[in-house]
Amino acid sequence: MQPFMTLAKKQVVYSAFVIILFMILIARFFYLQIYKQEQYFKASERNRIREITVEPNRGLMFDRNGEVLVDNYPSYSAYAIPFEVRKADSVLNLAGRILDISPAEIRSIIARERSGQFTPVKLKRQIDFKTISLIEELRLDLPGILYQNEPRRYYPSGIRAPHLFGYLGEVTKSELNQPEYKNFRLGDIVGKKGLERYYDSELRGLRGYQYVEVDAYGREIKALKDKPEILPVPGRNLHLTIDAPLQRMLEARMDSLQGGAVVVDCHTGGVLALVSKPDFDPEIFTKPVPVEVWHSLINDPRKPLYDRMVQSLYPPGSTYKLVLVAAALETGSITPSWKAFCPGYTWMGRRRFDCWNINGHGESDLLQAIEQSCNVYFYKLGLKVGLDHWAHFSRIFLFDKPTGIDLINERAGLVPDRAYLDRQFGKDQWPKGLIFNLAIGQGDLLVSPLQMARLAMIIANEGVYRQFHILNYLEDPLTKTKKPAQVDSVRIVGVSAETFKIIKQGMYRVCNGDRGTGRAANYRDITVAGKTGTAQNPHGDDHAWFIGFAPFEAPQIAFCIFVENGGSGGRNAAPIAREIIKNYFFRAKTNDDKI
Amino acid sequence: MMTKFEDIKVSNADYAFFLAVLLLCIIGLIAIYSASYQAESPALKDNFAKQLVWLMLGLILMGIIIILPVRFFWSLAYVLYFLTIFLLILTLVINRGNPVARWLPIGSFQFQPSELAKISVVIFLARYLAEEKRDLNKFKDILIAFVIVLVPALLIVNQPDLGTSLVFFAIVLPILFWAGLPSFYLFIILTPFITMISSFNFYTYFLAMALIIVVLLLFKRKILLSSLVIIANIVMGIITPMLWNQMREYQRHRILTFLGLEMDPKGLSYQVIQSKVAIGSGGFWGKGILKGTQTQLRFLPEQHTDFVFSVVGEELGFIGSSIVLILFLFLLLRAIYIAAKVRNKFSGLMVIGATAVLGFHIIINIGMTVGMMPVTGLPLPFLSYGGSFLLVSMSFVGIIINASIRRFRY
């Protein structure tokens, strides 16, 4: 082996070494600049282009006559851009002082809710004008802190209806996993309950975007000519079937009660008024809700957050006797002239079943029994009809189905049938007297007040059910085009017109007969037909029910009034129906006169 | 006096080499201009003008060095070296207590002795190895060569400036080998590094050891020496992981990050990511001068100094980057060619030393901007903003041209 290489040989070795290194570098440049160019170009665009979202105006809500029920109020929230404030303690200190949040808390909010380096994180909602002007004044000292418009609701009509309108709130982490909230970010405002929730996608509108060029410090350099602004699309307005004066009156009338009322238009199924009490002030939810307030709401024993008309189930009491009447007539168990004697009680084996009138109603036929709501008559009728027919007709009247109203969390009722009772008691082990309870709307039977209103409407329309809906039509605020609500119409099969006529006659007698239990519902020349109910309640005072429709001759509205622990339906629910009649028919007339 | 300069044949000067340097300087000025174009701070805005002044000074310095006789460097070697060592110690002493001790204040002016050290070490090593009595088969002579670079390197590590100190190790091997270090010794010197790196995995370690043994057998040296090398390497392989495990977490992290094996998203790797984005987004033709968004919107810190190449990559694209790379490659190949042609051994070794410093800076700096090398803070010759390094680079250019002019003289 040669001890020394010649310089010429060394030159070759050194040159080769250098060339190899440079080839590696050139290959790397080829890889970055040609093979991966697109990817890096996108990254450089992402670096320099900041997308600024512009929140659209949320759709408003109007009543059937165009009165504004839910309006927007300009409101602003403060945001931080994580990348820009990541190191700047001075910015956080200053921002913290202005917004009255500690810098440590700002950091934790950012850590908790950030979804990207340049995606603003909401620090505080509904900052006041003074705070906005401070941020604006100290603009240069607050890089990465900004504020944006955000919908805030207010209710100019004096109608609270929190269960109906619902409220807005920030989207939660768990909601973000649902496909519906696919393009949402933490801190975004969405509808949480009621119509706000049900029609959220319509009310929401589409976000607009502005694109600006920013430098590495996040400072905006200029608007981008090649990426034009995308204007926000405002949300659609909801025109409701709600009748504002009626709603207002009912809310006021029932304010001290627990329960609620619903009034629907028989021809369309449109909801004219829907009240659930006790309720809460919807203004609470237009601001960030303090924890104490939230806790006091959810821990309130009167359960104000609960929509009693839609979400709660109760025994319907005597109002349900109408279903048994339909079953009895349709199955041929009796004719209307069939009579039963009421001494105030009856026996089933060794168990005694009382009538509500312990003095007894004497002998009565079907119409008399309905008019006076005689329990003994219906015990005996129940026995004749039997559980299976009763359950079958309960289903014909849709008591196992929700009404399909455009509100969330509506519950279907519970119709006990043979299969259900077998599960509860063991096969054929259930007591035979059970049919007595069911016949008068007690026992395991549970319905929602909304379902009872539907029963009233089906009877008024003699078998036709128009699906309940609160939305009348959607309106595009820009083009003013209208999109009416889709409303299903169902004809009940299996109940004849003859049967409906008899039931209606019975209901007429309830409100107009000499001994009718619902006489308190009438007002002036409007003839009301209805049925009272007093549902026994193991937990306290009886629940008062009243369902019905008016005018009797040509029904326009149907309604259900329900007062929790209200006692007698005739005494405590029927007078509210009278208020409804008075308000709806006579106020409307005077209004018409004015026009 | 005139006679001394008479035999300088200007026609022998390597004009192509000089032209490459000049072109690179001009590209550097353009890049610095672009990188400082939209800056608000007046200090940055002046970068271009300042660099222009430094370039003029650099060219003058280069001219002086070209004219100086080789003898001058020979006699200056010791003085310059020990002066440099003194200045390095002085820097550490004066800056005691400062976390960073790299600069020596001279009036209102800041001087970085570690830059001077690059030149001093090259000249001193060249003279040491060019002396008649040197025998690179002797262990002692090789060891001294290492000591010569180790002293300034250790002083600079303490500044702390690991990147710059590594430059000295990049000088010593090429210059030793050029001076006649037998390849067997070169191999022995390299083996511990191979073992160290491979020792973290049993298979790579086994493979490395096998390779070392095979090569040792091929050299057919004395069994004793070969066995010693093998034993040393085995010990090295066992000690390294032990030392590694003894280290604290942050120390390991620091080393891994330095080696580019671990990401550090908040710190250095942010720069590397932005640099890659800048270069990659430039594409084939580049975004155009003054039109690079990464550059103009300052997504990349240090873009006029250490990361100046990303400006070239973004605004001039693959074409521009390739031209710069080819100019650099030409420059290095040409310098190696000159070193091989120079009949004066001392001169040739100085050229190799100068080439090694420039080459190391070029490879490490460009490699860093494309994410292939750790971020060390080594500037890019002729392109990066900064006066002292430009003067050093131009001095090396002067040394190389000086040799090319006198290449036919002994």
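For the structure itself, look to the data block above.
All values reported here derive from a predicted model rather than from experimental measurement. (Residues numbered from 1 in each chain as written. Chains lettered and ligands numbered in written order. Predicted model: local features only at pLDDT ≥ 70, side-chain atom pairs only at ≥ 80, totals over all residues. Heavy atoms only, no water.)

What about the overall build of chain A?
- Of regular secondary structure, chain A possesses 22 helices and 25 strands.
- At a minimum sequence separation of 6, the contacts of chain A that also span at least 24 residues come to 71%.
- Per element, the accessible surface of chain A, about 26,700 Å² overall, is 53% carbon and sulfur. (Helix = DSSP H or I, 4+ residues; strand = E, 2+ residues; numbered from the N terminus. Contact = heavy atoms within 4.5 Å. Areas by Shrake-Rupley, 256 points an atom, 1.4 Å probe, with all protein chains shown as cover.)

Quick notes on a nonpolar patch on the surface
- The grouping of Phe30 and Ile34 of chain A together with Phe284, Trp285, Ile319 and Ile323 of chain B at the surface amounts to a nonpolar patch, some 590 Å² of accessible area in total.
- For the nonpolar patch, the elements supplying multiple residues, two or more each, are helix H1 (7–35) of chain A together with helix H15 (308–341) of chain B.
- Following the sequence through the fold, Phe284 of chain B ends up in the loop between helix H13 (268–282) and helix H14 (293–296).
- Taking relative accessible area as the criterion, Phe284 of chain B reaches 35% and is therefore assigned partly exposed. (Patch = residues over 30% accessible without salt bridge, like charges linked within 9 Å, V, L, I, M, F, W, Y side chains within 5 Å. Salt bridge = Lys/Arg side-chain N within 4 Å of Asp/Glu carboxyl O. Buried < 20%, exposed > 50% of the residue type's maximum accessible area, 1.4 Å probe, protein only.)

Some points on helix H15 (residues 375–385) of chain A
All names here are of chain A.
- For H15, the buried fraction is high: eight of the 11 residues fall into the buried class.
- Here H15 has its buried residues at Asn375, Val376, Tyr377, Phe378, Tyr379, Leu381, Gly382 and Val385.
- Two residues or fewer after H15 comes Gly386, characterised by a positive phi angle close to 85 degrees.

Focus on the interface of chain A and chain B
- Taken together, the 36 residues of chain A in the interface contact 45 residues of chain B.
- Counting the surface lost from both chain A and chain B, the interface buries some 3,800 Å², and carbon and sulfur atoms represent 75% of this.
- Summed over the three residues of chain A that lose the most area to chain B, namely Tyr14, Phe22 and Gln33 of chain A, the buried surface amounts to 18% of that side.
- Breaking the side of chain A that touches chain B down by element, the ones donating at least two residues are H1, helix H2 (37–48) and strand S10 (208–214) of chain A.
- Tallying contributions element by element places H1 of chain A first for the side of chain A that touches chain B, with 18 residues.
- A per-class count over the side of chain A that touches chain B returns 24 nonpolar, six polar and six charged. (Buried area = accessible area lost by both parts, 1.4 Å probe. Nonpolar A, V, L, I, M, F, W, Y, C, P; charged D, E, K, R; others polar.)

A short note on the pairing of strand S16 (residues 345–348) of chain A
All names here are of chain A.
- Sheet topology places S16 next to strand S17 (residues 351–354); four bridges connect them, and they run antiparallel. Following the sheet pairing, Tyr345 is matched in S17 by Asp354.
- In this structure, the hairpin formed by S16 and S17 is closed by a connection of two residues, where Gly349 is found at a positive phi of approximately 60 degrees. (Pairing = 2+ DSSP bridges.)

Regarding the sheet that holds strand S11 (residues 220–223) of chain A
All names here are of chain A.
- Spatially, the three strands line up as an open sheet ordered S1-S10-S11, and their pairing is antiparallel. Among the strands making up the open sheet, the edge pair consists of strand S1 (49–54) and S11. Sheet twist, expressed as the average angle between the axes of neighbouring strands with direction ignored, equals 40 degrees.
- Both S10 and S11 contribute to a ladder of three bridges, which runs antiparallel. Among the inter-strand pairings, Val214 is bridged to a residue of S11, identified as Glu220.
- This element, H2, spans S1 and S10 of the sheet and lies at about 55 degrees to S1. (Axes fitted to C-alpha atoms, helices over the stretch in contact; angles between N-to-C directions.)

Some remarks on empty space enclosed by the protein
All names here are of chain A.
- The final tally for this structure, using the stated rule, is five cavities of 30 Å³ or more.
- Here the largest cavity defines a volume of roughly 70 Å³.
- Contributing to the lining of the largest cavity are 13 residues, with Ala161, His163, Leu274, Val275 and Ser276 lying nearest its centre.
- Where the lining of the largest cavity is concerned, the elements lending two or more residues are helix H7 (162–165), helix H11 (244–253) and strand S14 (271–277).
- For the lining of the largest cavity, the element with the highest residue contribution is S14, accounting for four residues.
- Residues belonging to the lining of the largest cavity are distributed by class as follows: six nonpolar, three polar and four charged. (1 Å grid on protein atoms, 1.4 Å probe; cavity = no way out; pocket = protein on both sides within 12 Å on 5 of 7 lines; lining within 4 Å. Points joined across faces, edges and corners; volume = space filled by probe spheres on them.)

Read these as geometric descriptors, not functional statements.
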